[in-house]
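Coordinate analysis (summary)
One-letter residues, chain by chain:
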Amino acid sequence: MPVKKVNTNDTATVEKNATDSSKKAVKAPRKAKKADKKCGVKKETAKKTTTKKAVKKEVKEVVKKSYQEYVDVINWKKWEAHNMNWLYIEINANDLLTELEVGVDNMETCCNAVKDCMLEGDYFIVEGKSEKDGNLSVRYYCDNLSESRRKYSEVNA
């Protein structure tokens, strides 16, 4: 069988019998050159310094919904219930706030809108202790949404 040798300048190769089924030379890892060993001088390598990059957080300005947007959503819900022939709907201020603005502290505006949308005949299921109490729940009657109905604040002033 013939023996195949490969040049060993950069990489050392292992001799392999050349047969019909495999004619490949297997490469072994490169060995250090003799010149490097004789000098005894180590190459200086620059040590990488790792610095933490200052992460600039973009502070997004929180845009809170306006009072009128809350009133529009409540009135839309009332008209939807009216069109489906429901007698009433119940709206909780905390649920309304999370539905419209997740993670935003706009409870006072939400509670004011919930209170101001009340008409005569509507009543509090849970009346909040303060203006920012998220437990505020109101039952709105939707069978008669005519504009002749007075506001709750006018009737119970």
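Let me begin by describing the structure that accompanies this report. Everything numeric in this text was worked out from a predicted model, so none of it was measured.

A closer look at the side chain of Glu 101
Relative to the helices and strands, Glu 101 resides in the loop between helix 3 (93-100) and helix 4 (107-116). Of note is the side chain of Glu 101, whose polar atom sits 2.7 Å from the backbone nitrogen of Lys 65. Looking at Glu 101, its side chain comes within polar contact range of the side chain of Asn 106, at 3.1 Å. In this structure Glu 101 touches Val 63, Lys 64, Lys 65, Tyr 70 and Asn 106, once residues within four positions along its chain are discounted.

Some thoughts on the sheet that holds strand 7 (residues 137-141)
Sheets are built from strands that pair by backbone hydrogen bonding, the pairs being arranged parallel or antiparallel. Taken in spatial order, the three strands of this open sheet run 5-7-6, and their pairing is antiparallel. A strand with exactly one partner marks an edge of an open sheet, and here the two such strands are strand 5 (88-92) and strand 6 (123-126). Direction aside, the axes of adjacent strands within the sheet are offset by 30° on average. Alignment of strand 5 against strand 7, held across five bridges, turns out to be antiparallel.

Points about the nonpolar core
One finds Ile 74, Val 114 and Tyr 140 to be the most contacted residues of the largest nonpolar core, which totals 21 residues. Among the secondary structure elements, those contributing two or more residues to this core are helix 2 (67-83), strand 5, helix 3, helix 4 and strand 7. If one sorts the elements of this core by residue count, helix 4 sits on top with five residues. If we skip the residues at most four places from it in the chain, Ile 74 touches Ile 91, Leu 96, Ala 113, Val 114, Cys 117 and Tyr 140.

A look at the packing of aromatic side chains
Under the counting rule described, the total for this entry stands at three aromatic pairs. Consider the rings of Tyr 123 and Tyr 141, whose centres lie 6.2 Å apart with planes at 40°: the pair is tilted. With a gap of 18 residues between them, Tyr 123 in strand 6 and Tyr 141 in strand 7 connect regions that are remote in the sequence. Between Phe 124 and Tyr 152, the ring centres sit 5.6 Å apart and the planes meet at 90°, which makes this aromatic pair edge-to-face. Of the two residues, Phe 124 sits in strand 6 while Tyr 152 sits in helix 5 (residues 152-155), which places them 28 residues apart along the sequence. Relative accessible area serves as the criterion here: at 22%, Tyr 152 is assigned to the partly exposed category. Aromatic ring contacts, followed pair by pair, group Tyr 88, Tyr 123 and Tyr 141 into a single cluster.

Focus on the pattern of salt bridges
Using the criterion set out here, one finds four salt bridges in the structure. Among the ionic pairs, Arg 139 bridges to Glu 90, the shortest N-O distance being 2.3 Å. Of this pair, Arg 139 sits in strand 7 while Glu 90 sits in strand 5; the two residues are 49 residues apart in sequence, bridging distant segments of the chain. We note a salt bridge from Asp 122 to Arg 149, for which the minimum N-O separation is 3.5 Å. Placement of Asp 122 in the loop between helix 4 and strand 6 and of Arg 149 in the loop between strand 7 and helix 5 is noted, with a sequence separation of 27 residues between them. Like Arg 149, Asp 122 is buried.

Each value, and the rule that gives it
- Residues numbered from 1 in each chain as written.
- Predicted model: local features only at pLDDT ≥ 70, side-chain atom pairs only at ≥ 80, totals over all residues.
- Heavy atoms only, no water.
- Helix = DSSP H or I, 4+ residues; strand = E, 2+ residues; numbered from the N terminus.
- Polar contact = N/O pair within 3.5 Å; in protein donor to acceptor, adjacent residues only side chain to side chain.
- Contact = heavy atoms within 4.5 Å.
- Pairing = 2+ DSSP bridges.
- Axes fitted to C-alpha atoms, helices over the stretch in contact; angles between N-to-C directions.
- Core = buried A, V, L, I, M, F, W, Y, C linked by side-chain atoms within 4.5 Å.
- Buried < 20%, exposed > 50% of the residue type's maximum accessible area, 1.4 Å probe, protein only.
- Phe/Tyr/Trp six-rings, centres within 6.5 Å; stacked < 30°, edge-to-face > 60°.
- Salt bridge = Lys/Arg side-chain N within 4 Å of Asp/Glu carboxyl O.

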